[in-house]
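# Structural characterization, general
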Amino acid sequence: MRSTTKPRICAVVACFAFALGGVSARAAEPAAAKTAPQAESADDIDPKAVAVLTSFGKALAAQPRYSFAVDFNYDVVQEDGQKLEFGSTRVYTVRRADHLRLHEERRVGGKRDIYYDGTTLAVYVPSEKVYAQAKLKKHRDLDEFIDTVEEALDMHVALGDLLRAEPLKRIEEGLRSAYIVGRETLNRVECNHVAWQTDEVDAQGWFSIGD
């Protein structure tokens, strides 16, 4: 049976709460069904929603070290139209400006670790006893590394914007609409639920209220 893969990030994450110089992302609890307010047009940008995004971007950019965990889900669409769901959990650990560790636990395939230190990229898959390493010809910080992967290898780095020196720059530049859905509590943390659109994605985030 032939199939095609349609990746998506499902309810990622997301009450971002800063503590001890770090950032954590928590999975969202299922919310009661309700009708959310909709943006009136593609040009409808609520300054309050932009302020939440900007505050988060500045706080994240100021962190010399941080980590966050993400739940990824994706559908593999079968030939008959049925969707089968697969996924993984990932923990991103960043040390600015050029260090990244990505620990992934896949539902199929087990654990995988990716390390980057500015000049060397290493991948380790314990279950397959595989270790691979590549040396870069020149030093690249995380911004340059992400650009290289996306442009030269035509590969999308999931949540790559959160690893950049200016985490929300590309979102702010391509913003078409943004509004605050309301206040919600995730894992006992009160958050602003924000929805926004860019030329590339429709996205939602839950951002902790307060400092």
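Residues numbered from 1 in each chain as written. Predicted model: local features only at pLDDT ≥ 70, side-chain atom pairs only at ≥ 80, totals over all residues. Heavy atoms only, no water.

Further remarks concern the nonpolar core. Within the largest apolar cluster, 30 residues are counted, with the highest numbers of intra-cluster contacts made by F68, Y92, L100, L163, V194, W196 and F207. Listed by contribution, the elements that provide at least two residues to this core are α1 (47-61), β4 (65-78), β5 (83-95), β6 (99-106), α2 (142-152), β10 (175-186), β11 (189-198) and β12 (202-208). Element by element, the count of residues in this core is highest for α1, at five residues. (Core = buried A, V, L, I, M, F, W, Y, C linked by side-chain atoms within 4.5 Å. Buried < 20%, exposed > 50% of the residue type's maximum accessible area, 1.4 Å probe, protein only. Helix = DSSP H or I, 4+ residues; strand = E, 2+ residues; numbered from the N terminus.)

Moving on, we get to a nonpolar patch on the surface. A surface patch of nonpolar side chains, amounting to about 310 Å² of accessible area, comprises Y115, Y124 and Y131. Here Y115 lies in strand β7 (residues 110-116). (Patch = residues over 30% accessible without salt bridge, like charges linked within 9 Å, V, L, I, M, F, W, Y side chains within 5 Å. Areas by Shrake-Rupley, 256 points an atom, 1.4 Å probe, with all protein chains shown as cover. Salt bridge = Lys/Arg side-chain N within 4 Å of Asp/Glu carboxyl O.)

Here we take up the pattern of salt bridges. A pair can form between side chains of opposite charge whenever their charged atoms are brought close. By the definition in use, this model includes nine salt bridges. One salt bridge connects D113 with R101, and the closest N-O pair in it is separated by 3.1 Å. A residue pair is termed long-range when its members are at least 10 positions apart, and D113 in strand β7 and R101 in strand β6 qualify at twelve residues. Linked through salt bridges whose partners overlap, the residues forming this network are D147, E150, D161, R164 and R170.

Here we come to α2. Count 3.6 residues to each turn of an α-helix, and residues three or four apart come out pointing the same way. Every buried residue of α2 is listed here: L142, F145, I146, V149 and E150. One face of α2 carries all of its buried residues, which in axial projection span an arc of 125°. In this structure, α2 carries E151 and A152 as exposed residues pointing more than 90 degrees from its buried face. Elements in contact with the buried residues of α2: β5, β6, β7, β8 (120-125) and α3 (169-173). Capping the start of α2, D141 holds a side-chain oxygen 3.2 Å from the backbone nitrogen of D143, two or three residues further along. Two residues or fewer after α2 comes D154, characterised by a positive phi angle close to 55°. (Arc of directions from axis to C-beta. Contact = heavy atoms within 4.5 Å. Polar contact = N/O pair within 3.5 Å; in protein donor to acceptor, adjacent residues only side chain to side chain.)

This part takes up the pairing of β11. Most of β11 is tucked away, with eight of its ten residues classed as buried. When β10 meets β11, the two strands line up antiparallel, connected through ten bridges. Along β11, the bridge assignment pairs E184 with C191. Remark: two residues form the turn of the hairpin made by β10 and β11, two consecutive strands paired antiparallel; N187 in that turn has positive phi of roughly 50°. Sheet analysis places β11 next to β12, joined by seven bridges and oriented antiparallel. (Pairing = 2+ DSSP bridges.)

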